[in-house]
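Per-entry structural report
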Amino acid sequence: MTDPTSTPDLPVAPDREVFVDYLGRTRWFGGKGRPFTVSDVRRVGTVPGAVADGPVVLLCLVEVTYDDVVAGADDRVEHYQVPLALYPEPQQRIEHALVATWQDPDRGLLHGYDALHDREAMACWLRSFDRAAGEVGGNLVDGASSLAFHRLAGHDLDLDTHSTLFSGEQSNSSVAFGEDALMKVFRKVTPGVNPDVQVHEVLSRVGSTDVAALYGWVDWVDPEQREEGTDRPGPGGVMQLAMLQQFLRTASDGWDLALASVRDLYREPDLHASEAGGDFAGEATRLGHTLRAVHDLLAEHFPTGSASGADLAATMSGRLPAALAAAPGLEAHRGALEALFEQVRALGEVPVQRVHGDLHLGQTLRTALGWKIVDFEGEPAKPLHERLLPDSPWRDVAGMLRSFDYAPRVVERTWAEDDPDGVELRTRKAAEWANRSKNHFLVAYAGEHISPEHRTLLHAYIADKAVYETVYETRNRPTWVDIPLRAVAEIGAS
Ligand SMILES: Nc1ncnc2c1ncn2[C@@H]1O[C@H](COP(=O)(O)OP(=O)(O)O)[C@@H](O)[C@H]1O
Ligand SMILES: O=P(O)(O)O[C@H]1O[C@H](CO)[C@@H](O[C@H]2O[C@H](CO)[C@@H](O)[C@H](O)[C@H]2O)[C@H](O)[C@H]1O
């Protein structure tokens with residue numbers, strides 16, 4: 001295999017073809033449905049903290065090149081982080097996570113497992129984070145691998161915990177260390193600051209209780225991107241590979257709570273949403289307050305400014321051609337969408353600030369101490385520089401409103417199999433539940449009165465999000481695509 005970094009002491013990585021097959025089997029690979037080749041596999045380094053009888057953990061950076069031109073030239077190449085736990089002998093306990101077996105000229109036969117499934121491998125990360133706390137400024141820099149583990153003060157890690165990989169892997173892979181800490185390994189990585197690390201660091205430093213506290217993160221300084229003649233990273237030379245944060249041990253996923261609430265209502269369809277056991281209005285209100293508090297802090301600690309309605313509208317309609325190519329079902333609604341975005345063009349200057357960028361119920365956790373918002377990475381499909389840009393906070397509000405629309409429709413998908421006759425009544429209940437949740441959330445966030453300008457923005461962001469979702473579902477869950485597509489159609493009809 002080719003590897004432009006001159007790191008002869010690193011184990012060799014498996015063949016590129018191995019990764020083609022492996023990426024296709026993962027939940028987090030964003031290129032599903034697109035033709036691609038693995039154009040390179042770089043060995044980033046090995047995680048410090050290895051012990052004599054444990055694995056070597058090799059971090060690979062897999063370069064994917066797409067053969068289509070759907071998303072434009074900028075998006076044709078992506079990099080995915082794949083950590084491999086290497087053993088000289090097969091490991092029966094993690095047999096299911098075997099990625100490949102190959103020969104290393106110096107080390108002999110290697111068995112490479114997806115490291116996230118291996119407790120021994122994850123313990124290496126935890127030890128490295130722990131050691132970082134004892135170093136100057138909380139930074140452990142491993143010269144050999146160019147990996148740097150950073151820690152924020154304030155929490156001592158429990159090294160006796162075992163790791164558990166979260167089963168609902170999403171865009172990234174998260175591992176819990178007992179009930180003490182949660183490590184998220186970023187999968188699609190881009191040079192530059194990771195927005196999730198950045199926002200968590202800022203909000204943790206100011207003591208926000210609306211997010212999980214950040215404990216640390218891992219940087220990699222790309223040796224090829226160093227400033228000439230120095231050890232310093234050049235522009236875009238740092239990649240953030242993982243972050244460690246507080247494990248919210250009393251948390252329930254907001255999406256699961258919403259589904260449970262809808263099921264309660266469907267079980268008693270003669271009742272109104274306000275009378276059913278699992279009424280969600282109170283939680284929606286609390287969520288609205290939490291989002292407001294997070295937006296206020298983001299506005300205080302990140303740059304703010306204004307964007308012209310014309311620019312915002314251009315961004316929204318600029319996304320349409322690629323979306324139409326990826327999800328042809330959108331074509332019938334192109335005119336209505338363009339007309340809605342046109343209304344934004346007429347708005348003049350609109351306040352912008354740092355926002356979440358991809359907010360939905362699955363990014364909210366209800367703990368004993370209230371709601372927490374997670375995952376500030378923004379839309380995984382957007383280029384990094386766009387995800388860091390200030391935007392209107394109405395984008396996040398729209399994301400939540402879309403999620404209140406999704407929940408009853410997702411419940412209906414399975415409910416209808418057992419009770420096909422009740423569809424009509426449930427459709428009415430679905431609208432009642434969604435509207436009640438949306439209204440309570442909106443009032444808590446913005447108060448009783450929302451100006452016509454804000455309403456225009458909100459509707460446009462809802463449409464923009466539904467377009468994004470149509471593409472997302474087409475690529476990831478094709479049988480769900482009717483959920484956002486129906487919302488797009490309703491926008492056209494209103
Ligand atoms: N600090 C935390 N404590 C406990 N669970 C968490 C925490 N942060 C996230 N989660 C859970 O992990 C899941 C994945 O986290 P998320 O940040 O959304 O990952 P991804 O970037 O892969 O989408 C969330 O849905 C949530 O249930
Ligand atoms: O959580 P991620 O950053 O991976 O976000 C992506 O996946 C989400 C689904 O897991 C997707 O959200 C869409 O589906 C949700 C229900 O599963 C729904 O609540 C959201 O409203 C809807 O957008 C998200 O769009 C995508 O970026």
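Residues numbered from 1 in each chain as written. Chains lettered and ligands numbered in written order. Predicted model: local features only at pLDDT ≥ 70, side-chain atom pairs only at ≥ 80, totals over all residues. Heavy atoms only, no water.

What follows is about the site of ligand 2. The full set close to ligand 2 counts 17 residues, and S171, S403, Y468, E469 and Y472 are the nearest of them. Here an oxygen atom of ligand 2 sits 3.2 Å away from a polar atom, N or O, in the side chain of H360. Residue Y468 places a side-chain N or O atom 2.5 Å away from an oxygen atom belonging to ligand 2. Expressed as a share of its isolated accessible area of 530 Å², the protein-covered part of ligand 2 is 96%. Every element with two or more residues in the shell around ligand 2 is listed here: helix 10 (394-418) and helix 12 (452-476). At 4 residues, helix 12 tops the list of elements feeding residues into the shell around ligand 2. A class-by-class count of the residues in the shell around ligand 2 yields 6 nonpolar, 5 polar and 6 charged. Three or more residues apiece are contributed to the shell around ligand 2 by two domains, here domain 1 (16-246) and domain 2 (252-493). (Near = heavy atom within 4 Å. Polar contact = N/O pair within 3.5 Å; in protein donor to acceptor, adjacent residues only side chain to side chain. Areas by Shrake-Rupley, 256 points an atom, 1.4 Å probe, with all protein chains shown as cover. Helix = DSSP H or I, 4+ residues; strand = E, 2+ residues; numbered from the N terminus. Nonpolar A, V, L, I, M, F, W, Y, C, P; charged D, E, K, R; others polar. Domains from an automatic or database assignment.)

Before going further, it helps to examine the site of ligand 1. In the vicinity of ligand 1 there are 17 residues, among which N172, K184, Q246, L248 and D375 approach most closely. S171 places a polar main-chain atom, nitrogen or oxygen, 3.2 Å from an oxygen atom of ligand 1. Contact distances for ligand 1 include 2.7 Å between an oxygen atom and a side-chain N or O atom of K184. Isolated, ligand 1 exposes 550 Å² of accessible area, and the fraction of that covered by the protein chains is 93%. Each of two domains, domain 1 (16-246) and domain 2 (252-493), supplies a minimum of three residues to the shell around ligand 1.

This paragraph deals with the pattern of salt bridges. This model, assessed by the stated rule, comprises 32 salt bridges. We note a salt bridge from R107 to D104, for which the minimum N-O separation is 3.5 Å. Taking the relative accessible area as the measure of exposure, R107 reaches 38% and is therefore partly exposed. With a shortest N-O distance of 2.6 Å, E412 and R426 are connected by a salt bridge. Placement of the pair is E412 in helix 10 and R426 in helix 11 (residues 423-446), with a sequence separation of 14 residues. Comparing E412 with R426, the two get one shared label, buried. What emerges from the salt-bridge pattern is a single network uniting R402, D405, R409, K438, E469 and E490. (Salt bridge = Lys/Arg side-chain N within 4 Å of Asp/Glu carboxyl O. Buried < 20%, exposed > 50% of the residue type's maximum accessible area, 1.4 Å probe, protein only.)

On to the sheet that holds strand 2 (residues 56-66). Think of a sheet as strands paired side by side through backbone hydrogen bonds, with each pair either parallel or antiparallel. Reading across from one edge, 1-2-3-5-4 is the order of the 5 strands in this open sheet, with antiparallel pairing throughout. Each edge of the open sheet is held by one strand with a lone partner, namely strand 1 (36-46) and strand 4 (98-104). Mean inter-strand twist for the sheet, computed between neighbouring axes without regard to direction, equals 35°. Sheet strands in contact with helix 1 (residues 16-25) are strand 1, strand 2, strand 3 (77-87), strand 4 and strand 5 (108-114), and its direction is about 105° off that of strand 1. Sheet strands in contact with helix 2 (residues 119-133) are strand 2 and strand 3, and its direction is about 95° off that of strand 2. (Pairing = 2+ DSSP bridges. Axes fitted to C-alpha atoms, helices over the stretch in contact; angles between N-to-C directions. Contact = heavy atoms within 4.5 Å.)

This part takes up the confidence of the model for the protein chain. Residues of the protein chain with pLDDT of at least 70 account for 94%, and the chain-wide mean is 90. Here the complex is predicted with pTM 0.91, and the ipTM for its interfaces comes to 0.97. (pLDDT = per-residue confidence, 0-100.)

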